[in-house]
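# Analysis of the macromolecular model
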Amino acid sequence: MDLYSGYINKLIEELASLPGIGNKSAQRLAFYLVHLPKERVARFTDAILEAKEHVRYCAECYTLTDSEICPICANKNRDHETIMVVENTRDLAAYEKTGKYDGVYHVLHGAISPMLGVGPNDIKLKELMLRLQKEVKEVIIATNSSLEGETTAMYISKLIKPTGIKVTRIASGVPVGGDLEYIDEVTLLRALEGRVEL
Ligand code: ZN
């Protein structure tokens, strides 16, 4: 039985397809949206479309940015010879929030997962190896401590080892399976400072 109009149903369906939004939240949001003034809705949809149109990968570190090179990579005061490898832009943001890391990043956009059929070629790994042809003194692997994150860390360290570049892994203490973005800054700093050479 259709309780709502077809348009509402379609809106609920779209909202419910977003990560972290269950059916109940989707319904609540759908009704909230249809009650908003039209200009507010237009601002909202414009923001989505504009982000979609203008956001791209940084040519160096592959984080999401508005320009060719992201502000971190463009910053000459950062240590460009230390690269921290993270799974996604949200993890990068979590480390940036600590304000204590002055190296640069490399964003993989995923992690290796044989179970989900995600292989080394499906993440920005080749791009990382290309960067290592420049002067690099340390690669800090800060992938999550989930099975996928650990698999990825192991794979990357095996790949880099022969180059002679120092490879370190952030200390555990980051909860297993925990998304880095939900971890407080103190824990992140401790994980970074306690990193061990692989
Ligand atoms: Zn960048």
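Residues numbered from 1 in each chain as written. Predicted model: local features only at pLDDT ≥ 70, side-chain atom pairs only at ≥ 80, totals over all residues. Heavy atoms only, no water.

Quick look at the overall build of the chain now. When you go through the chain residue by residue, the secondary structure sums to eight helices and seven strands. Based on the C-alpha atoms only, the size of the chain along its principal axes is roughly 65 × 35 × 35 Å. Counting only residues that meet the buried cut, the chain has 39% of its 198 residues in that class. Long-range pairs, those at least 24 residues apart, make up 55% of the contacts in the chain with a sequence separation of at least 6. For the chain, the exposed surface amounts to about 12,200 Å²; the carbon and sulfur share of it is 57%. (Helix = DSSP H or I, 4+ residues; strand = E, 2+ residues; numbered from the N terminus. Buried < 20%, exposed > 50% of the residue type's maximum accessible area, 1.4 Å probe, protein only. Contact = heavy atoms within 4.5 Å. Areas by Shrake-Rupley, 256 points an atom, 1.4 Å probe, with all protein chains shown as cover.)

The coordination sphere of the zinc ion contains the protein donors Cys58 (SG), Cys61 (SG), Cys70 (SG) and Cys73 (SG), at a distance range of 2.3 Å. Classification of the site at the zinc ion as tetrahedral follows from its four donor atoms and the range of 106 to 115° in their angles at the metal. Site description for the zinc ion: donor spacing in sequence, C-x2-C-x8-C-x2-C. In this pair, Cys58 is assigned in the loop between strand 1 (56–57) and strand 2 (64–65) and Cys73 in helix 4 (residues 71–74), connecting sequence segments 15 residues apart. Across the pair, Cys73 and Cys58 agree in class, each one buried. (Donors = N, O, S within 2.8 Å, 3.2 Å for Na, K, Ca; no water. Tetrahedral: all angles 85-135°; square planar, octahedral: opposite > 155°, others 65-115°.)

With that settled, consider the side chain of Asn88. Here Asn88 is to be found in the loop between strand 3 (79–86) and helix 5 (89–98). Of the polar contacts made by the side chain of Asn88, one reaches the backbone nitrogen of Arg90; its length is 3.0 Å. (Polar contact = N/O pair within 3.5 Å; in protein donor to acceptor, adjacent residues only side chain to side chain.)

Let us now look at the pattern of salt bridges. For the structure on display, the rule yields six salt bridges. A salt bridge links Lys137 to Asp79; the nearest nitrogen and oxygen atoms lie 3.2 Å apart. Of the two residues, Lys137 is situated in the loop between helix 6 (125–131) and strand 5 (138–141) and Asp79 in strand 3; the sequence distance between them amounts to 58 residues. (Salt bridge = Lys/Arg side-chain N within 4 Å of Asp/Glu carboxyl O.)

Attention now moves to the layout of surface pockets. To find leftover empty space, a probe the size of one water molecule is rolled over the atoms. As a volume, the largest pocket reaches approximately 250 Å³. The wall of the largest pocket is formed by 13 residues, among which Glu60, His80, Ile83, Arg131 and Lys134 lie closest to the centre. At the level of secondary structure, the elements contributing two or more residues to the lining of the largest pocket comprise strand 3 and helix 6. Per-element tally for the lining of the largest pocket: the top contributor is helix 6, with three residues. Taken together, the residues that form the lining of the largest pocket break down as seven nonpolar, one polar and five charged. Its boundaries defined by the atoms lining it, the second largest pocket holds a volume of some 160 Å³. Contributing to the lining of the second largest pocket are Leu11, Glu14, Leu15, Leu33, Val34, Val41, Phe44, Thr45 and Ile48. Broken down by element, the lining of the second largest pocket gets its largest block of residues, four residues, from helix 3 (residues 38–54). Split into classes, the residues belonging to the lining of the second largest pocket amount to seven nonpolar, one polar and one charged. (1 Å grid on protein atoms, 1.4 Å probe; cavity = no way out; pocket = protein on both sides within 12 Å on 5 of 7 lines; lining within 4 Å. Points joined across faces, edges and corners; volume = space filled by probe spheres on them. Nonpolar A, V, L, I, M, F, W, Y, C, P; charged D, E, K, R; others polar.)

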